[in-house]
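# Report on the structure
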Amino acid sequence: MRVTAETMNAKIHALDHKGSGRAEVWRENDKGNLKKLRLTIPQTLPGEEVCVTVDQPTKKSWRTMPDEILTTHKERVDPPCPHFKKCGGCVWQHWSYRGQLAEKTDYVKQAIASQGFDPNLVFNTIGMDEPWHYRNKMEFTFAPDGSLGLHEQGNFRKVIPLKTCLIAGNDMVAAAMEVAEWVNEFQLKGYDKDEHVGLLRHLMVRQSFATGEIMLGVFATEAPDGELKEAVDNLVKRISDKFSQVKSILWLENRDWADRAQAEKTHLLAGRDFIYDEMAGYRFRLWFDTFFQTNPTQAQKLVDIAIDMAEPKETERMIDLFCGVGTFSLPFANRVGELAGIEIVESSIESAKRNATENGIDNTTFLAKDARNGIDQMLESFGSPELLLLDPPRSGAGGKVMRRIGRAKPERIVYVSCNPDSFATDIKELEAFGYELQQVQPVDLFPQTVHVECVSQLVLRDED
């Protein structure tokens, strides 16, 4: 039976974790029974009434863009980016920055309240003075026709070609657009994810806001030689001629079917295979796959807040779990007696060791191991620390790791999180070991998006 599309009005009652509006509409089916239709409506705000067209109203849920905003939220603004309505790079340009920050604070409060913690422990989210052009790393995608852009909202099969990007640094965007012109001039094809054919997959642009150095990485399915040599030589020349701040040009072979910016083989086309960056007064080397905070301005605030909450002492031992390349390790190492860092990615641990040496820090030990086993091994050789900091991935540390932390009995724990939900679940595990949550400070590292970081302090109760 053919289903006829329906146009209906709906009121947004909440936002989902991707930043889209949620609405529920009751409608009669062909048997005269009332059925609830759950709608996901991007680019809407809580309390707004919107008109939408639903192509398949007989389904239980449907995602659709609004045809018209009938009742407007007081914090709605005109999005400044010409690509906003289609591009999935950011989802909240239609919301005032004040409104975004308030929503992020409420999100963190709801997350910890769901696990029984007092939401009043959450401070207001710290925002940016200028919430644009803040990213120091972007990964653009090539469409099958060779155009360069970001994925469409809610559709990872389609790439929206871009002429600008308001959350990336201006120099980064200019370099990316030069690569796009090069692709068009040489009529190169992008990678087709369905057919698994084509040459170009991703373009990574990374810039140090401290030094100005830029890295360009082209991810492709073939080596940069043979028939490609002329085109690749042209790319190197035009980038080198126009962008003196580009200190690294890489060609990264990736033949894997998985849609990730990864490399099976790296070709250095020009410069060095890393760039220098700085944070908290320390110098870091960044390779194409190095994890480093994407918003350097706000990341500095994260470090400062973590230090204030941790109250490190020169006589103490400290463990930095999920330490990466030492973003937190180096600033803390100069404030404690000994510091041990644990990270599963071996290349990051090698970078952390090198970064410590280059910054004149000699009281650190770094271990390449998963968090669960790494803690056990480090406790045996290093002893139980007075202070522990952890900065896990979005999935969180997990119950087993948190229970190991609890059994180690550090006096103070500082938890840095990029996911309030997994954070709340993790710290719930510490209650049984006598820890109290003292404070949570959200920090906005990703304006115009739903993401928010948190720094929190937990203290071991006096057993008396």
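Structure shown above.
From a predicted model like this one, the values you see are computed outputs, not experimental measurements. (Residues numbered from 1 in each chain as written. Predicted model: local features only at pLDDT ≥ 70, side-chain atom pairs only at ≥ 80, totals over all residues. Heavy atoms only, no water.)

## Topic: the overall build of the protein
In terms of regular secondary structure, the protein is built from nine helices and 23 strands. Against the 2.2 N^0.38 benchmark of 23 Å for 464 residues, the protein shows a C-alpha radius of gyration of 24 Å, consistent with a compact globule. Dimensions along the principal axes, computed over C-alpha positions, put the protein at roughly 70 × 65 × 40 Å. Buried positions account for 55% of the 464 residues belonging to the protein. Within the protein, contacts between residues at least 6 apart in sequence are counted, and of these 64% link residues at least 24 apart. (Helix = DSSP H or I, 4+ residues; strand = E, 2+ residues; numbered from the N terminus. Rg over C-alpha atoms; globule rule 2.2 N^0.38 Å. Buried < 20%, exposed > 50% of the residue type's maximum accessible area, 1.4 Å probe, protein only. Contact = heavy atoms within 4.5 Å.)

## Some thoughts on the sheet that holds strand β3 (residues 21-28)
Strand order across the open sheet formed by four strands is β2-β3-β4-β6, with mixed pairing between neighbours. Looking at the sheet topology across the chains shown, the edges are occupied by β2 (14-15) and β6 (61-63). Relative to β3, β2 runs antiparallel, the two being bridged by two bridges. Note on β3: the bridge partner recorded for leucine 15 is glycine 21. (Pairing = 2+ DSSP bridges.)

## Some points on the environment of histidine 83
Mapped onto the secondary structure, histidine 83 falls in the loop between β7 (66-71) and α1 (97-113). What makes histidine 83 buried here is its relative accessible area of 14%. Taking C-alpha positions, histidine 83 is 9.9 Å from leucine 150, a pair spaced 67 residues apart along the chain. A distance of 3.0 Å separates the side chain of histidine 83 from the backbone nitrogen of lysine 163, its partner in a polar contact. (Polar contact = N/O pair within 3.5 Å; in protein donor to acceptor, adjacent residues only side chain to side chain.)

## Some points on the packing of aromatic side chains
Using the criterion set out here, one finds seven aromatic pairs in the structure. Each ring, one from tryptophan 182 and one from phenylalanine 186, has its centre 6.4 Å from the other, and the planes form 50 degrees; the classification is tilted. Judged by its relative accessible area of 0%, tryptophan 182 falls in the buried class. With centroids separated by 5.2 Å and ring planes inclined at 85 degrees, the aromatic side chains of phenylalanine 274 and tyrosine 276 adopt a geometry described as edge-to-face. (Phe/Tyr/Trp six-rings, centres within 6.5 Å; stacked < 30°, edge-to-face > 60°.)

## Focus on helix α8 (residues 399-408)
The set of residues buried in α8 consists of Val401, Met402, Arg404, Ile405, Gly406 and Ala408. The elements touched by buried residues of α8 are β17 (317-321), α7 (371-382), β20 (387-390), β21 (412-417), α9 (420-428) and β22 (435-443). Phi for lysine 409, located one or two positions after α8, is positive at around 60 degrees.

## A word on the nonpolar core
Within the largest apolar cluster, 86 residues are counted, with the highest numbers of intra-cluster contacts made by Phe140, Val179, Leu200, Leu203, Trp251 and Phe332. Tyr107, Phe322, Leu388 and Phe433 belong to the second-largest nonpolar core, a separate cluster that totals 36 residues. (Core = buried A, V, L, I, M, F, W, Y, C linked by side-chain atoms within 4.5 Å.)

## Some words on the state of the cysteines
For the structure shown, the criterion picks out zero disulfides. Cysteine 87 carries a free sulfur, and the closest cysteine sulfur to it, the one in cysteine 90, is 6.3 Å from it. (Disulfide = S-S within 2.5 Å.)

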